[in-house]
Amino acid sequence: MHTEGERLIPINIVDEMKSSYIDYSMSVIVSRALPDVRDGLKPVHRRVLYGMYGLNVFSNRKHLKSARIVGDVLGKYHPHGDTSVYDAMVRMAQPWSLRYQQVDGQGNFGSVDGDPPAAMRYTEARLRKISDEILADLDKDTVDFQNNFDDSLTEPTVMPTKIPNLLVNGTSGIAVGMATNMAPHNLTESIDAICAYIDNREITIDELMKHIIAPDFPTGGIIYGYDGVRDALHTGRGRIVLRAKVGFEEIGNRNAIIVTEIPYQVNKADMIARTADLVKDEKIPGIYEIRDESDRQGMRVVYELKNDAIPNVVLNTLYKYTALQTSFSVNNIALVKGRPVQLNVKDIIHHFVEHRHEVIVRRTKYDLNKARERAHILEGFMKVIGTQDALDKAISIIRNSSNPADAKEGLMNEFELSEIQAQAILDLRLARLTGMELDKIRAEYDEIMALITDLEDILANEPRRYQIIKDEMLEMKEKYGDERRTEIDYSGGEMSIEDLIPDEKVVLTISHAGYIKRTSLSEYKVQSRGGVGNRAATTRDEDFLEYIVAATNHQYMLFFTEKGKCFWLRVFEIPEGSKTAKGRAVQNLINIEPDDKIKAYIRTNDLKDADYVNQMNVVMITKNGTIKKTSLEAYSRPRTNGVNAIEIREDDQLLGARLTNGHSEIMIATRKGKCIRFPEEKARAVGRGSIGVRGITLDEGDEVIGMIVVEDVEKESVLVVSEKGYGKRTAVEDYRVTNRGGKGVITLNITEKTGDLIAIQMVTDDDGLMIINKSGVAIRMGMDEMRIMGRNTQGVKVINLKKNDEIAAIAKVEMDKEVIVDEAETAHDVESEENGEEGVNLNLNPTSGDEIHPTRDTLDSESETEEE
């Protein structure tokens, strides 16, 4: 039964549910979860800022209780729960949540460990300076306003922001049927990109990426790999892998991994707790203790390792199983004219610039109207009080009128004034009628007319408006721009990064204890033969530089170990260090076994080039004179855990490895000064697993110290150096070609004065030589200073050694043709050395009689002495 007058409308429940749910989802999309592309704000954030604007809590006023702000926003604009407003405001004040915070909070606003903020009755807040820029010109009719929920007030639909907020702060939100997750970027980079876009609307995204390199997260960290970044900037979707920023330290006698920055949106306390659980369950081996040593100076999480753990292996496990590596999935969805759209970086910049343009047009129109209104009133003033007669007349009209309305009427008729002008004159204070005030009125009128002309020009001149946008952007950059926090590790992921890293010349130095670094070649200066050298590297006690390799960033380094394994690194993956830096332990860069030691280094070109790897061979030599040749192709597929390169017999060890082209000649030298020369063809190529063949027959007590490869007999010459600093160059022809396995001929006349032979090198006049003593002094000299002499002589003094110092390493480096030897500087070095200054020496206190560990140069010679 239904009562009289009631109408029933039959409705299909499916259709009703559909339309109701669509209405609900659209409301969530448009007025809750997605930001506006123009100001990058969601409604709740916009209302928090506008509420604070209404309460006048600007950056130069004192803080106000958060509860007061939240109450205002709730009562006037945001009819939802108070937590929704307070949580949004708290996030706007957290330095680990927003790249550029918008609220300046006082009190407990939570922590990166996920601690909750204090209740709003305890905390206080005010706007930050950057938020003043987001709200700038709001009172100049620059944006549309809409009614609030009960139509009692109005609120802005968008902010006139001078800050490209969507780009620099990003946002994340889950709507119905769609979500957004936008990464924050660096303000300086973003503004550079916006200016580049204003200069050239046809700019490509790749060109924009020269300015906006990658997202820049508030918590720093490292972006690992560049593919995801490129996808995100090009399409608006991409997966960015983030890693913590990590260093290695020694604490007591243990190695430790130190984390100073964690990925964005990772809860530090949770991360540590989960890691501790994994360590307890033995999922992550090698960790002795985890400590959180963070304080107000900054973050510091210490993972102390067990004695037998390899730091790099543990670190990779942590990346794999814990939040030290996370991914940020970019999904740029924002509202454009009220509709959700997926945007690439150029779209975001385009919409922001168009918004700024509209704001400037509206602001200029507003200023122009105000200026015209003021000019109109000033014109009235000048008509009435411009001359004494007019003023007297006006005063008598006012005095003789029975009421203000009559006075206004009288003035309008007498002076042909508008109602506004007449009213303004009636409102004048008597003090304004003095002569001085009249001059002020005339000056103000001239000023306003100039302003009107200027504003009209802005409205008529579009290029000028865009120039204003650009100038304001550059002013924002000047005020708020900062350095980027997130580093980019291009070597992660699959992308080819050669174009991003200059292929410059570098010197790789590797110390006896296995510390490696790369330094730009230009850091080393050239000296004359016999100079004393300058300080090369800070090493630990009893450590010295053993290998020096000239290379370029794009090449590969192959590492061969004592146990006969081979590992890979790209040159640019080797950490950079200044000339005096210690470098990083090789064990931290490659997964070498704890009791193994690297014995040889080879520098090769691109291993992906099939022709190159098939025509090149790797030739290895052992201390006992065994030689082995294998095609480079066998080593062209890098594996993290290395591959077997040569089988080593019990009392033998790998000494060196060299790259050959198949048609070279090989020369092998021994400690007692013997040397053999034979064609490479005499050693046939064998597989990676085999032992090799006899290269030279050794006398009792002698051992191999190195091997060189001769490619151009005419141009190249043989350089040998002994441990007491004697060396000489000899023509290759002086050594007759024999069969492999012979005893060889004398290469340097070994005496008490020269000491044993320690190194053999292949050099030309264009080469440079780098010599490093056991005390750490380095000297770089040109080979053209050494003349070629006979085979059976003791050579000349190459370097002046002090007391019982001896040569530790020699290596060939390319000479910089532009570098001119500075004799004065050389003289100064010698002088300071004689005066006993500590500026040059490294104080490594080598014990006399220490055994020399000669160089092994990837370019042209590998040599080694027996381990003590």
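An unreviewed UniProt entry annotates the protein chain as DNA gyrase subunit A originating from Kaistella daneshvariae. In the Catalytic activity (unreviewed entry) part of its UniProt record, the protein chain is described as follows: "ATP-dependent breakage, passage and rejoining of double-stranded DNA."

A.B. asks: Would you explain the pairing of strand β35 (residues 726-731) in this entry?
C.D. replies: Residues in a regular strand project their side chains so that they alternate between the two faces of the sheet. Of all six residues in β35, five are buried; the element is thus mostly enclosed. By the bridge criterion, five bridges tie strand β34 (residues 717-722) to β35 in an arrangement that is antiparallel. Looking at the pairing, Val721 lines up with Gly727 of β35. Between β34 and β35, which pair antiparallel one after the other, the connecting turn spans three residues, and Gly725 there sits at a positive phi close to 95°.

A.B. asks: Is there a simple way to explain a negative patch on the surface in this structure?
C.D. replies: Judged by side-chain charge, Glu711, Asp712, Glu714, Glu733 and Asp734 come together as a negatively charged surface patch. Examined against the element boundaries, Glu711 turns out to sit in the loop between β33 (704-710) and β34.

A.B. asks: What is the right way to look at the pairing of β33 in this model?
C.D. replies: Most of β33 is tucked away: seven of the seven residues are buried. Bridge count between strand β30 (residues 665-670) and β33: six bridges; the pairing is antiparallel. Bridge pairing in β33 links Met667 to Ile708.

A.B. asks: When you look at the nonpolar core in this model, what are you seeing that I'm missing?
C.D. replies: What tends to happen in soluble globular proteins is that the nonpolar side chains get buried as a cluster. Core analysis: the biggest nonpolar cluster contains 110 residues, and Ile349 and Phe381 have the highest contact counts within it. For this core, the element with the most residues is helix α12 (residues 345-385), which contributes 14 residues. Setting aside its immediate chain neighbours within four residues, Phe381 contacts Gly386, Ala424, Ile425, Leu428 and Ile441. Core analysis: the next-biggest nonpolar cluster, separate from the first, contains 22 residues, Leu558, Ala600, Val643 and Ala657 among them.

A.B. asks: Sorry, what's going on with the sheet that holds strand β40 (residues 796-797) here?
C.D. replies: Strands sit in the order β37-β34-β35-β40 across an open sheet of four strands; the sheet is antiparallel. The open sheet has two edge strands, β37 (757-763) and β40, and neither has a second partner.

Scoring rules and cut-offs
- Residues numbered from 1 in each chain as written.
- Predicted model: local features only at pLDDT ≥ 70, side-chain atom pairs only at ≥ 80, totals over all residues.
- Heavy atoms only, no water.
- UniProt positions renumbered as here; feature names shortened; annotations may be inferred.
- Buried < 20%, exposed > 50% of the residue type's maximum accessible area, 1.4 Å probe, protein only.
- Helix = DSSP H or I, 4+ residues; strand = E, 2+ residues; numbered from the N terminus.
- Pairing = 2+ DSSP bridges.
- Patch = residues over 30% accessible without salt bridge, like charges linked within 9 Å, V, L, I, M, F, W, Y side chains within 5 Å.
- Areas by Shrake-Rupley, 256 points an atom, 1.4 Å probe, with all protein chains shown as cover.
- Salt bridge = Lys/Arg side-chain N within 4 Å of Asp/Glu carboxyl O.
- Lys, Arg positive; Asp, Glu negative; His and termini not counted.
- Charge placed at Lys NZ, Arg CZ, Asp CG, Glu CD.
- Core = buried A, V, L, I, M, F, W, Y, C linked by side-chain atoms within 4.5 Å.
- Contact = heavy atoms within 4.5 Å.

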